[in-house]
Amino acid sequence: MSDADRIARLRDEISRHDHLYYVLDRPEITDAEYDALYRELVELEARHPELVAPDSPTQRVGGPPLEVFRRVRHRARMYSLDNAFSLEELSAWRDRVVKAVGEVPMVCELKIDGIAVSLTFEAGRFTLGTTRGDGEVGEDVTANLRTIRALPARLRIPRAPDLLEVRGEVYLPLKAFEAFNAELETQDKPAFANPRNAAAGALRQKDPKVTASRPLTYLVHGLGTAGPHGFRGHWEFLEFAGEAGLRTSQHSACAATLDEVWEFCERWRERRHDLDHEIDGVVVKVDSLRAQEELGHTAKAPRWAIAFKYPPEEQVTRLRAIEIHVGRTGQATPYAVLEPVRVGGVTVTTATLHNEDEVGRKDVRAGDWVVVRRAGDVIPEVVGPVRERRARGLKAWRMPKRCPSCGSEIAREEGEAASYCTGIDCPSRRIESIFHFAARGSMDIDGLGYETIDTLVERNRLRDPSGIYSLAVEHLAELEGFAMEKDRATGTLVPGKKIRNLLGAIEASKDRPLARLLVGLGIRHVGDTVAKRLAGRFTSLDALEEAGEEEIAAVEGAGEVIARSVVEFFRQPRNREILRRLRGAGIRTEDAARSTGEALAGKTFVLTGGLSSMTREQAQAAIEDEGGKVTSTVSKKTDYVVAGENPGSKHAKAVSLGVAIVDEAELLRMLGRA
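This one's a predicted model, so the numbers in the text were calculated from it and none came from an experiment.

### Topic: the overall build of the protein chain
Thinking step 1. A count of helical and extended segments in the protein chain gives 24 helices and 24 strands.
Thinking step 2. A compact globule built from 674 residues would reach a C-alpha radius of gyration of about 26 Å, and the protein chain, at 29 Å, matches this within 12%.
Thinking step 3. Dimensions along the principal axes, computed over C-alpha positions, put the protein chain at roughly 90 × 80 × 55 Å.
Thinking step 4. Residues classed as buried in the protein chain amount to 46% of the 674 residues present.
Thinking step 5. For the protein chain, restricting intrachain contacts to residue pairs at least 6 apart in sequence, the fraction spanning at least 24 positions comes to 67%.
Thinking step 6. Averaged over its 97 positive side-chain charges, the protein chain has a centre that lies 3 Å from the centre of its 105 negative ones.

Spelled out as structure tokens, the structure:
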């Protein structure tokens, strides 16, 4: 077989596996096998650059940065939709349809709160992707859309239409949005207010490589132009789109009557937060394309479709004050103190305002009536003021010059949106840094929560993370809820269960992996992924402390900014003193040399329940040493669930999905330890 033939075969095979994994959720091969195919294609294309094609799977990582987005006129206008907000308004629309074309079936679809796009396929190949723009003209974002792995470079049907233009929504799944915001926080960058803004920012990046780094996906919901393929109805088009390899919503449904439409709307009003994306309503469409053509359009919207909008998860309340929260890195973040209000099913008393520029842009002032939004589990945010209700004399807010916690200067570096407290020993920073050190993703000290830390700091029992390991029974016994109790045999006072558990958790934390310690230290820009790579490269805290910027920057995922931050952290006398005390307390500061076994290569595990021979962290490290991967959630892609004592809901989910369940003894056998 020639290299050209092998490249063509690899492209087809990899595209097929992308479809199975990203669209159908039915992978047929392991990640390691997929990686081997992908590496082979990369190597062959490197030897034959003349054979590299735009639809190759290797091109999904993004091409060179774009200077500007080309404006493109849509073949068929992308209309907006008229809205209905009640059963009466929905019924009135249905009556108009019946009067014009008679009784016709309808299709109900969830209205995704994403970015509208048009996708064009010519002879089955994806050739153009544009934003909606003004409906007549959009922007060419083809290079960025190619980075979405769920979007096929070629339609997966033998005889594709000469031309197919479809409409859909690009969005960022909620879990990916939360993870993305968490990563921004570790980098001291402002978080996005909602998934739609994050998706819009990712889709309009001039550098497609940035888009590729953000897990965007899409759903197709409409037909723009098709030729010469003819469809009789919208439902038929959706079925065709799914067969062709395009993602369509599994929740769409046909409806013969208005009662069925209303039942669909009400069902998803209650279940809207069960989805992996945000919705703001339901779109109802006439199914018959002939009837759609007969009904036509108004100047701005089709007469054959309507959007039933759910009540927005927004409320109006009084903004009592704008205050400052100083985090562990010293970042001073303004937040709104609100009169309590129910939004999205919870009572909201505070909401983020992100940074000084954001407060100025929204022009919110203490005393204003403001709109507060909370969708699903997204952090509440102040959308803006109700200006017509603003009282006279309310002053615009400015970032205070002094930290409200320690009185140190608040500074803002040129070119940065964030402001920082300059006080090294700021009490607010102290509490946050200790809480971060003890958190589950760091040293995982169960029982050492925010209120307990706050009280210990206030009583001068804790000044930095190293002080955790000097806490004694008498210190904890002073705290509310941490009681001493009488020993039944001797009648003497002994530490109560809560004290014993916390001291035990503190002792257990001394043996956490090096990466967990690096996360806990709160080094600026060092999150979980970078910490693991640094720990894997240097294996000890001493080695990392002695490393230079160039050596650290060479670690995958690090780079110059992170390297500079790590070196600066170890230069600070206060940090060196904290590390000296941590070492003195017996904290583990190095990892054993990792093996390079492949006994579990490509296998994905989930751990649930207690293990007797090792901690979960040790089990995860052992699995990873043998090439396996450990995740926190059970899915069809999970190979094994390891069930220890008292397994939780993950065990039940594994049973329902048919995932293999093994006990601790079987895991040890797989690791070669039995």
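Having seen the structure, we can now continue with the description.
### Re the pattern of salt bridges
Thinking step 1. In total, this model carries 43 salt bridges according to the counting rule given.
Thinking step 2. Arg390 serves as the salt-bridge partner of Asp363, at 3.1 Å between the closest nitrogen and oxygen. Of the two residues, Asp363 sits in the loop between helix 11 (356-362) and strand 15 (369-373) while Arg390 sits in the loop between strand 16 (381-385) and strand 17 (410-411), which places them 27 residues apart along the sequence.
Thinking step 3. Connected via shared salt-bridge partners are Asp363, Arg365, Asp368, Arg387 and Arg390.

### Considerations on unusual backbone geometry
Thinking step 1. A positive phi angle, near 55 degrees, is found at Asp363, a position not held by glycine.
Thinking step 2. Backbone geometry places Asn460, a non-glycine residue, at a positive phi of 65 degrees.
Thinking step 3. Within the element layout of this structure, Asn460 appears in the loop between helix 13 (450-458) and helix 14 (473-477).
Thinking step 4. Using a relative accessible area of 51% as the deciding quantity, one classes Asn460 as exposed.

### As for the layout of surface pockets
If you roll a probe as big as a water molecule over the atoms, it shows you where there is empty space left.
Thinking step 1. Quantified by volume, the second largest pocket comes out at close to 1100 Å³.
Thinking step 2. Around the second largest pocket, the lining is made up of 38 residues, and of these Tyr79, Leu81, Arg167, His221 and Trp304 lie nearest the centre.
Thinking step 3. Taken together, the elements giving at least two residues each to the lining of the second largest pocket come down to strand 3 (106-112), strand 4 (115-122), strand 7 (163-171), strand 8 (217-227), helix 8 (234-243), strand 10 (279-286) and helix 10 (289-295).
Thinking step 4. Partitioned by chemical class, the residues of the lining of the second largest pocket number 15 nonpolar, 11 polar and 12 charged.

### So, the confidence of the model for the protein chain
Thinking step 1. Of all residues in the protein chain, 93% have pLDDT values of 70 or greater, and the mean over the chain is 86.
Thinking step 2. Mean pLDDT across the elements of the protein chain ranges from a minimum in helix 2 (residues 31-47), with 75, to a maximum in strand 3, with 95.
Thinking step 3. Counting contacts from residues 61-66, a segment whose pLDDT is below 50, to residues more than four positions away or on other chains yields 17 contacts.

### Focus: the packing of aromatic side chains
Thinking step 1. For the structure shown, the criterion picks out nine aromatic pairs.
Thinking step 2. Judged by centre distance (6.4 Å) and plane angle (85 degrees), the ring pair of Phe437 and Tyr469 falls under edge-to-face. Taken together, the residues Phe437 in helix 12 (residues 427-438) and Tyr469 in the loop between helix 13 and helix 14 connect sequence positions 32 residues apart. The exposure classification of Phe437 matches that of Tyr469, with both residues buried.
Thinking step 3. Connected via pairs of aromatic rings, a cluster forms that spans Phe231, Phe237 and Phe240.

### Here we look at the sheet that holds strand 11 (residues 305-309)
Thinking step 1. Taking strand neighbours across the sheet as the criterion, the five strands line up as 2-11-10-3-9 in an open arrangement whose pairing is mixed. The open sheet has two edge strands with one neighbour each: strand 2 (83-84) and strand 9 (253-255).
Thinking step 2. In the sheet, strand 10 pairs with strand 11 via five bridges, with the strands oriented antiparallel. Residue Val284 lies in a different strand from strand 11, and its bridge partner there is Ile306.
Thinking step 3. Contacting strand 3, strand 9 and strand 10, helix 8 crosses the sheet at an angle of about 55 degrees to strand 3.

### Considering empty space enclosed by the protein
Thinking step 1. Tallied over the full model, the rule gives three cavities of 30 Å³ or more.
Thinking step 2. The volume enclosed by the largest cavity comes to roughly 80 Å³.
Thinking step 3. Of all the secondary structure elements, the ones that give two or more residues to the lining of the largest cavity are strand 3 and strand 8.
Thinking step 4. In terms of residue class, the lining of the largest cavity is made up of five nonpolar, three polar and one charged.

### Topic: the pairing of strand 11
Thinking step 1. The element strand 11 is extensively covered by neighbouring structure, given that five of its five residues are classed as buried.
Thinking step 2. Direction of pairing for strand 2 relative to strand 11: parallel, over a ladder of two bridges. Across the sheet, residue Asn83 finds its bridge partner in strand 11, namely Ala307.

### Points about the side chain of His475
Thinking step 1. Examined against the element boundaries, His475 turns out to sit in helix 14.
Thinking step 2. Taking relative accessible area as the criterion, His475 reaches 17% and is therefore assigned buried.
Thinking step 3. For His475, the contacting residues outside a window of four places in its chain are Leu456, Arg461 and Ser470.

### Digging into helix 6 (residues 195-203)
Spacing of three or four residues puts side chains on the same side of an α-helix, whose turn is 3.6 residues.
Thinking step 1. Listing the buried residues of helix 6 in full gives Pro195, Ala198, Ala199, Ala202 and Leu203. The arc enclosing the buried residues of helix 6, seen along the axis, measures out at 130 degrees, which places them on a common side.

### Describing the sheet that holds strand 24 (residues 660-662)
Thinking step 1. Pairing is parallel across the open sheet formed by four strands, whose spatial order is 22-21-23-24. Edge positions in the open sheet fall to strand 22 (629-631) and strand 24, since each of these has one partner strand only. Strand-to-strand twist across the sheet, computed as the mean angle between neighbouring axes with direction ignored, equals 35 degrees.
Thinking step 2. Inspection of the sheet shows strand 23 (residues 640-643) paired to strand 24 by three bridges, in the parallel sense. Paired with Val642 across the two strands is Val662, which belongs to strand 24.
Thinking step 3. Most of the contacts of helix 22 (residues 616-625) go to strand 21 (residues 604-608), to which it runs at about 170 degrees, and overall it touches strand 21 and strand 22.
Thinking step 4. Contacts from helix 23 (residues 649-657) reach strand 21, strand 23 and strand 24, with the element oriented near 135 degrees to strand 21.

### A look at the packing of helix 3 (residues 87-101) against helix 9 (residues 258-271)
Thinking step 1. One can describe the packing of helix 3 onto helix 9 by two numbers: an axis separation of 11 Å at closest approach and a directional angle of 140 degrees. The angle between helix 3 and helix 9 falls in the class oblique. By crossing handedness, the relation of helix 3 to helix 9 is classed as right-handed. Between helix 3, through Leu87, Leu90, Ser91 and Arg94, and helix 9, the contact on the second element is made entirely by Leu258, Val261, Trp262 and Cys265.
Thinking step 2. When the residues that make up the contact of helix 3 with helix 9 are grouped by side-chain class, the tally is six nonpolar, one polar and one charged.

What counts and what doesn't
Residues numbered from 1 in each chain as written. Predicted model: local features only at pLDDT ≥ 70, side-chain atom pairs only at ≥ 80, totals over all residues. Heavy atoms only, no water. Helix = DSSP H or I, 4+ residues; strand = E, 2+ residues; numbered from the N terminus. Rg over C-alpha atoms; globule rule 2.2 N^0.38 Å. Buried < 20%, exposed > 50% of the residue type's maximum accessible area, 1.4 Å probe, protein only. Contact = heavy atoms within 4.5 Å. Lys, Arg positive; Asp, Glu negative; His and termini not counted. Charge placed at Lys NZ, Arg CZ, Asp CG, Glu CD. Salt bridge = Lys/Arg side-chain N within 4 Å of Asp/Glu carboxyl O. 1 Å grid on protein atoms, 1.4 Å probe; cavity = no way out; pocket = protein on both sides within 12 Å on 5 of 7 lines; lining within 4 Å. Points joined across faces, edges and corners; volume = space filled by probe spheres on them. Nonpolar A, V, L, I, M, F, W, Y, C, P; charged D, E, K, R; others polar. pLDDT = per-residue confidence, 0-100. Phe/Tyr/Trp six-rings, centres within 6.5 Å; stacked < 30°, edge-to-face > 60°. Pairing = 2+ DSSP bridges. Axes fitted to C-alpha atoms, helices over the stretch in contact; angles between N-to-C directions. Arc of directions from axis to C-beta. Parallel < 35°, antiparallel > 145°, perpendicular 65-115°, else oblique. Left-handed = near helix turned anticlockwise from the far one by under 90°.

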